[in-house]
Amino acid sequence: MTKNTVTNDLNFNRNHDFAMPEITTSKVKRGINSKIVQSISNYKKESKWMQDFRQQSYTTFQKLPMPTWGPNLSKIDFNDITYFLRATDKQGTSWEDLPDEIKETYDRIGVPEHEKEWLGGVSAQYESEVVYESIEKELNDLGVIFCDMDTAVREHTELVKKYFSKLIPPTDNKFAALNSAVWSGGSFIYVPKGVHVKLPLQAYFRINAERFGQFERTLIIADEGSSVHYIEGCTAPSYSTQSLHAAVVEIFVLKNAKLRYTTIQNWSTNIYNLVTKRARADESAVMEWVDCNIGSGVTMKYPAVILAGDGARGSVLSMALAGKNQTLDTGAKMIHAAPNTTSNIVSKSISMNGGISNYRGLIKTTQSAKNAKSYTQCDAMLLDNNSKSNTYPTMDTQEISATISHEASIESIDDEKLFYFMSRGLTETQARSMMVNGFIDEITKEIPLEYSVELYRLINMEMENSIG
Amino acid sequence: MLSIKNLTVSAEEKEILHDITLDFNKGKVYAIMGINGSGKSSLVKTIMGNPIMHVNKGSLICDNVDITKLPTNKRAQKGIFLSPQSPIAIPGVTVQQLLRTAISRDTMTSKALTQKIKEVANQLKIPKELLSRSLNHNFSGGERKKMEVLQAAILNPQYVILDEIDTGVDVDALKIIANFLKAFIANTTKTLILITHYNRILSYLPVDEVIVMKDGTIAQKGNASLAKIIESEGYQK
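Just so you know, these numbers come straight off a predicted model, no measurement behind them.

Moving on, we come to the sheet that holds strand β15 (residues 286–293) of chain A. All names here are of chain A. With mixed pairing, the 10 strands of this open sheet are ordered in space as β4-β3-β7-β10-β13-β15-β18-β20-β22-β24. At either end of the open sheet lies a strand with only one pairing partner, and these are β4 (129–135) and β24 (403–412). Taking each pair of neighbouring strands and ignoring which way they run, the sheet shows an average axis angle of 10°. Relative to strand β20 (residues 342–351), strand β18 (residues 313–322) runs parallel, the two sharing 10 bridges. Paired with Val 316 across the strands is Ile 345, a residue of β20.

Laid out in structure tokens, this is it:
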């Protein structure tokens, strides 16, 4: 059966834009200062090293300037955000154990259904903390760890200390510093040597509260010769006020291991999505980012791979659909720091209804990157004259034997194409949706069917709204 | 019946069709011929409602309904099909995806559609792997034209309009396409309208009328023998 057949057979009518009454058991005051950072530590009953890490990070956050390049962030008011909100005191391993508001949220998003059908493990974060997690018994028996980051800090301290903030130190950028100071939740995954996790592990991030900040911290370690696919989905209801999502994701792909990290980002358009994601790929390791961005008002996200070992491979497949009031500034960074490393970037962006999508990329080859190869393909589709697309590729080549290529194209939906589709009986909306879906097919065929179905539905919805 | 009444059309502010009147009856086969630029493609694009064609005067009547102002997709739903001279490539969309969106599930289930596509592809000798590739993307001329015929066969229109379905097609493929079309319309009330420069495709089909266009008007009409005469003697007598 083709993907499209499934798409049309499943009658999706879910809408993620719904808000539940706010429920809270613990919450810090709105705004940020070192006391608030300390009270997060207190709520979490953290040990000294983490308390110190947070305080130092807060100092760094205060010192670092806001980014002066890229989208306008001047409307972010750090004092109008709540940095920690615990919705429930107990974490469930059964959906039935959760408060009704939370259970209903995930039912409506369809998480329990996905869990039953095709996932090896699920983690669900609601506001600041993970409220539900599960993992297949078989994976547990093989020594796979999949838990929330707070638990990992408590229960797998040595492992966490070895890797935590090693790829993205608080000094990396202002939002990484902020995350380091107030982080809460996120996933921790450790896959032991030689273990192949067959079914994907998935985390769902939900922001329900208004004027809120979600700062999850994810750390994944794929030990030598192992493999795993991690998926994250993000949704939130729309509010007229701004919220902030500033995650930090660090990935370590050890020798001969393979890791795929898939994101389906569908935040509401009142959310600033400013995320730092970085992976290190050791000898002959493979790191793949599949990054789909549909939502958020502003996104700044450039998944990176440091190709640190001989023969390491990295790829970023990314798509962005920027509609009204959206600026999606996405891209990729590949740092070739070892011989025979290869990187591949495919970026597809669609801009409509005045939306702006930018590709911002960096390909760097250090002097150790003999015979490095890098290919970037950057395609943009503009659906109307009000929308924009920009490309900012940067190449920093210090090794002459490296081969780096970059291709870019801009497409529009012309009348001839529309006429062809419509002469087969398709409405203009159907025709446009079909062309857009065809344009990003290279990306969507790489994501799990359940999500490509969802993506297809979201795009169709956007297209219908756009023509109206 | 598909009727064209006193049709005057312009494109890019230039009048290109002048006061054309024509009837296409059910169950008949028509050939439209004429030198390049005589208005053949413009005529069929106007029938299909291409927005670049502006009807200044006259009307199009399909089965007693005035379709002059209908959008293209509504005309398709009324049973008109047009295969363009150069079918465009559609990245990321397979023929099945296109047809699945075009045909409602009440008309045909996905299973039936898949089956039907396979059957027709088999009859047209379309290699299986083309079905799962982006439509027309890196297809040869002949493959594109066969894919058009396949779409026509599955959409099952009343009025099948094919603009140079025989151009860029080798003799073997031409024979397959022509025989397929012959069987497709046999014992039906379908109307087949072919734009062509050559008699070859017509020789396989029971042509009822040959219409010759010149400078945006109908210059001549005749039976099948007119096509043979044109082929041997040209348009200038």
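On to the environment of Ser184(A), then. Residues and elements named next belong to chain A. Tracing the backbone through its elements, the reader meets Ser 184 in the loop between α9 (174–182) and β6 (187–191). For Ser 184, a relative accessible area of 3% gives the class buried. If we ignore the near neighbours within four places in the chain, the residues touching Ser 184 are Lys 44, Phe 84, Gln 125, Ser 128, Glu 129, Asp 150, Phe 215 and Glu 216.

Two packed helices can be described by the angle between their axes and the distance between those axes. Residues and elements named next belong to chain A. Across the interface, helix α3 (residues 48–63) lies against α9 with an axial gap of 7 Å and an inter-helix angle of 150°. Classified by the angle their axes make, α3 and α9 are roughly antiparallel. When the axes of α3 and α9 are compared, the crossing they make is left-handed. Counting all contacts with α3, which are made through Phe 53, Arg 54, Ser 57, Tyr 58, Thr 60, Phe 61 and Gln 62, the residues of α9 involved are Lys 174, Ala 177, Leu 178, Ser 180, Ala 181 and Val 182.

A word on the interface of chain B and chain A. Accessible area lost on assembly of the parts is the figure often given for the size of an interface. In this assembly, 34 residues from chain B lie in contact with 20 residues from chain A. Counting the surface chain B buries against chain A, the share from its top three residues, Asn73(B), Ile88(B) and Thr101(B), is 24%. Where Glu148(B) meets Arg424(A), a salt bridge forms, and the shortest distance between an N and an O atom there is 2.7 Å. In this structure, the connection of chain B to chain A is made through six residue pairs in polar contact (both at pLDDT 80 or more). Mapped onto the side of chain B that touches chain A, the elements with two or more residues apiece are α1 (40–48), α2 (72–77), β6 (80–83), α3 (95–102) and α6 (141–155) of chain B. With six residues, α3(B) is the largest single contributor of residues to the side of chain B that touches chain A. Classifying every residue of the side of chain B that touches chain A gives 16 nonpolar, 14 polar and four charged.

Cut-offs applied
- Residues numbered from 1 in each chain as written.
- Chains lettered and ligands numbered in written order.
- Predicted model: local features only at pLDDT ≥ 70, side-chain atom pairs only at ≥ 80, totals over all residues.
- Heavy atoms only, no water.
- Pairing = 2+ DSSP bridges.
- Helix = DSSP H or I, 4+ residues; strand = E, 2+ residues; numbered from the N terminus.
- Axes fitted to C-alpha atoms, helices over the stretch in contact; angles between N-to-C directions.
- Buried < 20%, exposed > 50% of the residue type's maximum accessible area, 1.4 Å probe, protein only.
- Contact = heavy atoms within 4.5 Å.
- Parallel < 35°, antiparallel > 145°, perpendicular 65-115°, else oblique.
- Left-handed = near helix turned anticlockwise from the far one by under 90°.
- Buried area = accessible area lost by both parts, 1.4 Å probe.
- Salt bridge = Lys/Arg side-chain N within 4 Å of Asp/Glu carboxyl O.
- Polar contact = N/O pair within 3.5 Å; in protein donor to acceptor, adjacent residues only side chain to side chain.
- Nonpolar A, V, L, I, M, F, W, Y, C, P; charged D, E, K, R; others polar.

In short, shape yes, function no, at least from these values alone.
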